Amino acid sequence: MKKKLFSIIAGFFLLCVSPGLMAQGEVTGKLIDKDTKDPLIGASIIVKGTTNGTVTGMDGTFNFVVPEGSTTLQFSYIGYLDKTKDVMIRNGEVKALGEINMENDAIGLVEVQVVASIARDRETPVAISNIKPQLISEKLGTQEFPEILKSTPSVYATKSGGGFGDSRINLRGFSSENIGVLINGVPINGMENGKVYWSNWAGLSDVTKTMQVQRGLGASKLAISSVGGTINILTKTTDAKAGGNVFYGMANDGYEKKGITASTGLLDNGWAVTMSLAQTSGDGYVKATEFNSYSYFLNISKRLNEKHILSFTTFGAPQWHNQRYGMARIEDVRNHRDGTRLNYDYGYKGGEKYNSAQNEYHKPQMSVNHFWDINEKSFLSTSVYASMAVGSGRRIRGIDKKDRWLRYDSGTGRPYEETKLTPEGLLDWDAVIAENAASENGSQAIVSKSVNSHDWYGILSTYNHQIGNISITAGVDGRYYYGYHREEIVDLLGGNYYLDIVKNTDDHDPKDGMYPEYVSNNINRAAGTPLQVGDVVGFNNDGEIVWGGLFGQAEYVTDQYSAFLSGSVSNSSYRRIDKFKYKPDEQKSDWKSYVSYSVKGGFNYNLNDQHNVFINGGYFTRAPYHKYVFLNYTNEINDKIQQEKVLSGEVGYGWRTNKLKLDVSYYHTYWLNKSVSKSTGDDGFAISNGVDALHYGVEAVLNYRPVKGMTLRAMASVGNWTWLDDAVFDYYDINQNYIESKDVYIKDAKVGDAAQSTASLGVDYWVLPKLKIGADYNFYDDLYAYYDPTYNTSINDRGKDTWQLPAYGLLDVNMKYDFDIAGLKASLYGKVNNVLNTEYIADAKDGSNKDAESALVYYGFGRTMSVSLKVRF
C-alpha cells in the first residue's frame, strides 16, 4: 500500500511539472501585498458587473480576456480591501497592468508580522507552509485546531484521548514541548514543561488571520523551543472596515457552535473595535466526553497619529470537558459494545453520568501593543502581556490503593482485581459511596482535583532599522511566571471525612512506633487528620521562573539573493516552593539559573523568476524545563542535569510558475542531552536526563492549477528518527514519590509517537461560480508506539523498535456554497471527515511484548459530518 501510494504521488509530481502551454489573455498583471510585496495566490479578478474573471496563479500573476473598450476590473482577496481599476482596451491589445498593490484589511497586522517573524517566500531561507483563514473555514469542520495542519509535511496530529481540546501535534518527530508556538509573536508554550494544551485556545479557529508553520529552526528571533519547528499564529487585530458575521454550525454527537463577530472599522477619530464571541458544546464522539466551551476576543485600537498605534487585545476560552484517559488493548476494543468509542473512565453516580477524568480551565491572554513608526527606516514595537490561568483536572485518590476501586490499570489497560464495576462494565460509583458510608475510618476513596494555575507576565520589545538593503533587528524578551500546583478534595463519595495518611515509604519496618506505618504527605499536619471538601491533600507546591533574553538579527535582501544571521542569549532562573515536604521557613529552594544561547543563519538565492535554492543552519542550547531541575519532586537541585543542545541544518529548492508551486527540502537535526518524561504502569511516570537523538528526512510539497478554478495538491515526507544512546530513568509513583532508577536500552531504536512517513493528495474545484468542492487523502506510515520505559530494561532490548502500528489513510471531503440572503453575503460549509469510515489506530503505547497484543491504543474517530452557515454583514 505504502509503495503504491508513493508511486502515485511521484507520478503526479512528474505529470504536474512537465512543460505546458500558458493560457493567453488581453489583461495581465500581478497582485502583491502592499507592505510585504508577497504574491497573493488565488485572488479573484472579475469584470465588474459580470461573472467574467479569473484568479491569480501560484506566483500571483493573472491573464484573461476582457471586452474591448472601457472596463472596470475588481480585485478581491480574503483579508484584503477590495480594489477596482479602470482599463481601456483598444484593437485587442494586451494590457500589462504590472504589479497591483493590495492593502490589508486589518489595522496593525503588518506591524505584528514584523514582531512575529513571519517568513517570506523566495526570501527567508526556511521551509514554510501558510494556512489562510478560508482554508480553516473550509477544511477544519469539527476537527481540533492542530489537525488543520495534517497535510503539512512531517506533521502528525491526532485527537489523542478524544476529549475536546485534547489533541496533540508532532513536527518532524518532535512533540509540542519542542515546537515553538507563538500567538502574535508571543510564546505560549508552558513555562514549566513547554507543553501546549489546545483546549485553552479553543477559540483560535474563529480569530486566526493567518497561520504559518516554519519547519526546522525557523525565522523567529526569540530563544524558543523550535527544535522541530515554529507554529506562528496571527489573530485578527482590528478590521479596517465596519462589518462582521454571525455563525452557526452543527455536527454529529450533539455538536453545536454559535458565534458572532463585529467590527466598527476605523472611525474618523482613529478608534476601532473588533469583538468575537462563540459557544461550543456537544456529547463527544468518544463515550462520556461531553464538553462546553465559550470563547471571546476583543481588540481595541487607537491610531494616535501617522506614527503611533496603540492596541489592546484580550482573548480566551473558558471550558470544561470530560476526557478519556485510559488506553485499551486492541482485543478489548473489538470485543466491547462501544467499539472504538470505548471509554473506561466513567460510570453513573446517583443515576447521573459521571467521569473520573475531567478538565476545566480558563487561560485569558491580554496584551497592550504600541507600534511606533519612528521614521521611514526605523520601527519600534512593544508588547506588554499577562495571562492569569485558573483550572484543574479531576483525579481519584484512595487509602491503601483504594483509588483502584475507580481506576483501570494504565499499564495493562484492564481493571484491577479491586476495581468496582457494574454488570455493564462501567465504574460503580454507587458501590464506592456505599463502602465509604459504611466505613468507620471515613472515606477510603475520594474525588479530588489537581489544580494547575499560574500568573504569567511578559514584555516583548522589537526595534527594526533599515540601512539600504540591510535590515537590523534587536529586542528584549522578559517574562515572570508563578505556577500553583496542589490537590484539593472535591467529593468524599459518601464518607464524613478523609484521613490524611499514606503508606510510609521509608525502608524500615514499623516497630515500637519509631517508624509509623502511615504518615502524612504534609509534614506540617499530623498523620490521620480528618479532611473535608476543599482541603488540600497529596501535594502543594509552586514553581517560580524569571526569564530574560536579548536577541538580534541582520538580514540582507535583494531581488536575487537574501541572507540572515541571528543570535540570542537568555537567562532562565528557577525556584521551587514546597508547602508539604518542608517546614514554613524551609519551603523555598535556592534559585537555579541557566544561561542559554542560539546562533543561526541562512542564505536564499533566486536563480531566476521561477527557481530558487536555500540553505540554513544553526546551533542552540536550551535550559532544562523546571520539572527536570529539582530531584525527586523535592527542592533539591539536580546538579547533574545539563542543558539540551540542538544542531540542525537544512537545504531546499523551490520552483514557481503561474500554475505550479513546488518545494523540496532535506533536514538533519541532532538533539543532545534531551530530557524525557514518560508515563509508566499504575499511573506512574519516569524521567531521564541526557538522551541523544537524530532526526533527518526529505519533504516535498506541490500545488498545481491545471485549469481555471481547480487546484491540485500533493505532499510527501519521509523521515528517519532514532535514539543514539541508552538512558537512565528515575521512576516515580502517582504521588510523585521516588521509587528507583533503571537503565533503559533504547539505542538505535526508532523514535515513536509520530508517523515518520506521511503523504497527501488533495483537490479543490469551483464546479459552479459559487460552489466549491474539495477532497483530501492523507496517508501515514512508519508509525511506532510511544515507548514505556518499564519494558526496555534488559540489554537484550537494545535496538529493538517499539510496536509498529498499521499504516492507514483517511479521505475527507468538503464543500462551500456562496449565496446572498436578505441582501447579505452568506456561505454554507459542509465537511465529512473519514468518509470511508476507516478503522485505524492513531496512538499507541508499547506493551511488554512489543506487539499488537500487548500494546495499549487509542483508535481514531470514524466518519463525522458537520454543516455550518456564516452570514456576513
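Computed from a predicted structure; not experimentally measured.

About the criteria used
For every chain, the first residue of its written sequence is number 1, and the numbers climb from 1 along that sequence. Predicted model: local features are reported for residues with pLDDT of at least 70 only, side-chain atom pairs are reported and counted for 80 or more only, and whole-chain, interface and lining totals are derived from all residues. The side-chain figures draw on all heavy atoms in the structure; neither hydrogens nor water molecules are used. Put simply, DSSP marks the helices as runs of H or I at least four residues long and the strands as runs of E at least two long, and each gets a number from the N terminus on. For the exposure calls, accessible area comes from a 1.4 Å probe over protein chains only, and a residue counts as buried if that area is under 20% of its type's maximum, exposed if over 50%, partly exposed in between. We call two residues in contact when some of their heavy atoms are within 4.5 Å. Every case where a carboxyl oxygen of Asp or Glu lies within 4 Å of a side-chain nitrogen of Lys or Arg is listed as a salt bridge. We call two N or O atoms a polar contact when they sit within 3.5 Å, provided that within protein one can donate a hydrogen and the other can accept it, with sequence-adjacent residues counted only if both atoms are side-chain atoms. Pairing between strands is defined by DSSP: at least two bridges between the two strands are required. Classification of ring pairs rests on two measures: the distance between centres of Phe, Tyr or Trp rings, Trp counted by its six-membered ring, which must be within 6.5 Å, and the angle between planes, read as stacked under 30 degrees, edge-to-face over 60 and tilted in between. Two conditions define a charge located above a ring, namely a distance within 6 Å from the ring centre to NZ of Lys or CZ of Arg, and an angle within 35 degrees of the ring normal. Two distance rules govern patches: like charges are joined within 9 Å, and nonpolar side chains (Val, Leu, Ile, Met, Phe, Trp, Tyr) within 5 Å, applied only to residues with over 30% relative accessible area and no salt bridge. Note that accessible areas follow from Shrake-Rupley with a 1.4 Å probe, and for residues the cover is restricted to the protein chains shown. Charged-residue counts in this description rest on Lys and Arg as positive and Asp and Glu as negative, His and the chain ends being excluded. One atom stands in for each charge, and that atom is NZ of Lys, CZ of Arg, CG of Asp or CD of Glu. The directions considered for the arc run from the helix axis to the C-beta atoms.

Participant: Would you mind going over the side chain of K159 with me for this structure?
Facilitator: Along the chain, K159 falls in the loop between β10 (155–158) and β11 (168–171). Given a relative accessible area of 17%, K159 falls into the buried group. Sequence-distant contacts of K159, that is, excluding residues within four places in its chain, are made with Q143, E144, E147, D166, S167 and F861.

Participant: Would you mind showing me how to read the pattern of salt bridges here?
Facilitator: A side chain of one charge can pair with a side chain of the opposite charge if their charged atoms are brought near each other. What the rule picks out here adds up to 42 salt bridges. A salt bridge links K139 to D776; its shortest N-O distance comes to 2.7 Å. Of this pair, K139 sits in helix α3 (residues 133–139) while D776 sits in strand β48 (residues 771–783), and the two are 637 residues apart along the sequence. The class for D776 is buried, based on a relative accessible area of 9%. The partner of K579 in a salt bridge is D542, with the nearest N and O atoms 3.1 Å apart. Taken together, the positions of K579 in the loop between β38 (561–578) and β39 (592–606) and D542 in strand β37 (residues 536–557) put the pair 37 residues apart, joining distant regions of the chain. A residue is classified by how much of its surface remains accessible, and K579, at 32% relative accessible area, is partly exposed. Linked through salt bridges whose partners overlap, the residues forming this network are E138, K772, K816 and D818.

Participant: Is there a simple way to think about the environment of N269 in this case?
Facilitator: Relative to the elements of secondary structure, N269 occurs in the loop between β18 (256–263) and β19 (271–282). Under the relative-accessibility criterion, N269 is labelled partly exposed at 46%. In the structure, N269 is positioned 567 residues away from L836 in sequence and 55 Å away in space, judged by C-alpha atoms. At 3.1 Å, the side chain of N269 and the backbone nitrogen of W271 are in polar contact.

Participant: When you look at the sheet that holds strand β23 (residues 328–329) in this model, what are you seeing that I'm missing?
Facilitator: Strand pairing in a sheet takes place through backbone hydrogen bonds and is either antiparallel or parallel in direction. Pairing is antiparallel in the open sheet, where three strands are placed in the order β23-β52-β51. The open sheet has two free edges, formed respectively by β23 and β51 (841–845), since each of these has just one partner strand. In this sheet, strand β52 (residues 856–859) lies alongside β23 in antiparallel orientation, the contact comprising two bridges. Of the residues in β52, the one forming a bridge with R329 is L856.

Participant: Honestly, the packing of aromatic side chains in this entry has me stumped. Any pointers?
Facilitator: To describe a pair of aromatic rings, you give the distance between the ring centres and the angle between the ring planes. Within the structure shown, the criterion is met by 26 aromatic pairs. Members of the aromatic cluster, connected to one another through ring pairs, are Y156, Y780, Y808 and Y840. One cation-aromatic arrangement involves R479 over W547; the distance from NZ or CZ to the ring centre is 4.1 Å. Taking NZ or CZ as reference, K592 lies 5.4 Å from the ring centre of Y594, over its face.

Participant: What is the right way to read a positive patch on the surface from this model?
Facilitator: Taken together, the side chains of K34, K37, K83 and K85 define a basic patch exposed on the protein surface. Take K37: it is sitting in the loop between β1 (27–33) and β2 (44–47). A residue is classified by how much of its surface remains accessible, and K37, at 47% relative accessible area, is partly exposed.

Participant: I keep staring at helix α6 (residues 429–438) and nothing clicks. Help me out?
Facilitator: An α-helix turns once every 3.6 residues. As a result, residues three or four positions apart point the same way. Along α6, the positions that sit buried rather than exposed are W429, V432 and N436. Angular distribution of buried residues about the axis of α6 spans 60 degrees; they occupy a single face of the element. In this structure, α6 carries A437 and A438 as exposed residues pointing more than 90 degrees from its buried face. In the core, the buried residues of α6 are packed alongside β24 (346–349), β25 (352–355), β28 (378–398) and β31 (445–467).

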